[in-house]
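Residue strings, one per chain:
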Amino acid sequence: MAQWTRGPSVLPNDVRDRFKYEIASDLGILDEIESKGWADMPTRQLGRIGGKIGGNMVKVMIKHAEESLAEGNSLE
């Protein structure tokens, strides 16, 4: 079986973590995460967070790419 590896990220880890906690707060599960920890959270709840984070990250990446192109920079 092929193993998936994560490539370089557009967003720094601290920005992604901030997104996770902000969205967990918006969904009303931040207290539960802080008491249990991320590892002990049900998959269904974490999937809700991941979906919201993914959507927001795509918006940030598109904005970054548009700004980079407007400045005449390469996207690499």
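Residues numbered from 1 in each chain as written. Predicted model: local features only at pLDDT ≥ 70, side-chain atom pairs only at ≥ 80, totals over all residues. Heavy atoms only, no water.

## Examining the packing of aromatic side chains
Item 1. Within the structure shown, the criterion is met by one aromatic pair.
Item 2. Between Tyr21 and Trp38, the ring centres sit 5.3 Å apart and the planes meet at 80°, which makes this aromatic pair edge-to-face. Of the two residues, Tyr21 is situated in helix H1 (residues 13-26) and Trp38 in the loop between helix H2 (30-36) and helix H3 (43-70); the sequence distance between them amounts to 17 residues.
Item 3. Taking the relative accessible area as the measure of exposure, Trp38 reaches 22% and is therefore partly exposed.
Item 4. When the ring centre of Trp38 is taken as origin, the NZ or CZ atom of Lys20, which lies over that ring, is 5.0 Å away. (Phe/Tyr/Trp six-rings, centres within 6.5 Å; stacked < 30°, edge-to-face > 60°. Helix = DSSP H or I, 4+ residues; strand = E, 2+ residues; numbered from the N terminus. Buried < 20%, exposed > 50% of the residue type's maximum accessible area, 1.4 Å probe, protein only. Lys NZ or Arg CZ within 6 Å of the ring centre and 35° of its normal.)

## Thoughts on the nonpolar core
Item 1. Counting residues in each nonpolar core, the largest one holds seven residues, listed as Ile23, Ala24, Ile29, Leu30, Ile33, Met41 and Ile49.
Item 2. Looking at this core, the elements with two or more residues in it are H1 and H2.
Item 3. Among all residues touching Ala24, those that are not within four sequence positions of it are Ile29, Leu30, Ile33, Trp38 and Ile49. (Core = buried A, V, L, I, M, F, W, Y, C linked by side-chain atoms within 4.5 Å. Contact = heavy atoms within 4.5 Å.)

## Structural notes on the confidence of the model for the chain
Item 1. When pLDDT is averaged along the chain, the result is 76, and 76% of the positions lie at 70 or above.
Item 2. The element-level mean pLDDT for the chain is lowest in H3, coming to 76, with H2 highest at 90. (pLDDT = per-residue confidence, 0-100.)

## Details of the pattern of salt bridges
Item 1. Under the defined criterion, the tally for this structure stands at two salt bridges.
Item 2. The closest approach of N and O atoms between Lys20 and Asp17, which form a salt bridge, is 3.3 Å. Of the two residues, Lys20 and Asp17 both sit in helix H1, three residues apart, roughly one turn of that helix.
Item 3. Linking Lys36 and Glu32 is a salt bridge whose minimum nitrogen-to-oxygen distance equals 3.0 Å. Taken together, the residues Lys36 and Glu32, both in helix H2 and four residues apart, mark about one turn of the helix. (Salt bridge = Lys/Arg side-chain N within 4 Å of Asp/Glu carboxyl O.)

## Observations regarding a nonpolar patch on the surface
Item 1. On the surface, a nonpolar cluster with roughly 230 Å² of combined accessible area is contributed by Val58, Met61 and Ile62.
Item 2. Accessibility expressed as a relative area gives 45% for Ile62, which makes it partly exposed. (Patch = residues over 30% accessible without salt bridge, like charges linked within 9 Å, V, L, I, M, F, W, Y side chains within 5 Å. Areas by Shrake-Rupley, 256 points an atom, 1.4 Å probe, with all protein chains shown as cover.)

## Overview of H1
Item 1. The first and last C-alpha atoms of H1 sit 20 Å apart over 14 residues, in line with the 20 Å expected at 1.5 Å per residue.
Item 2. For H1, the full list of buried residues reads Val15, Arg16, Phe19, Ile23 and Ala24. (Expected span 1.5 Å × (residues − 1).)

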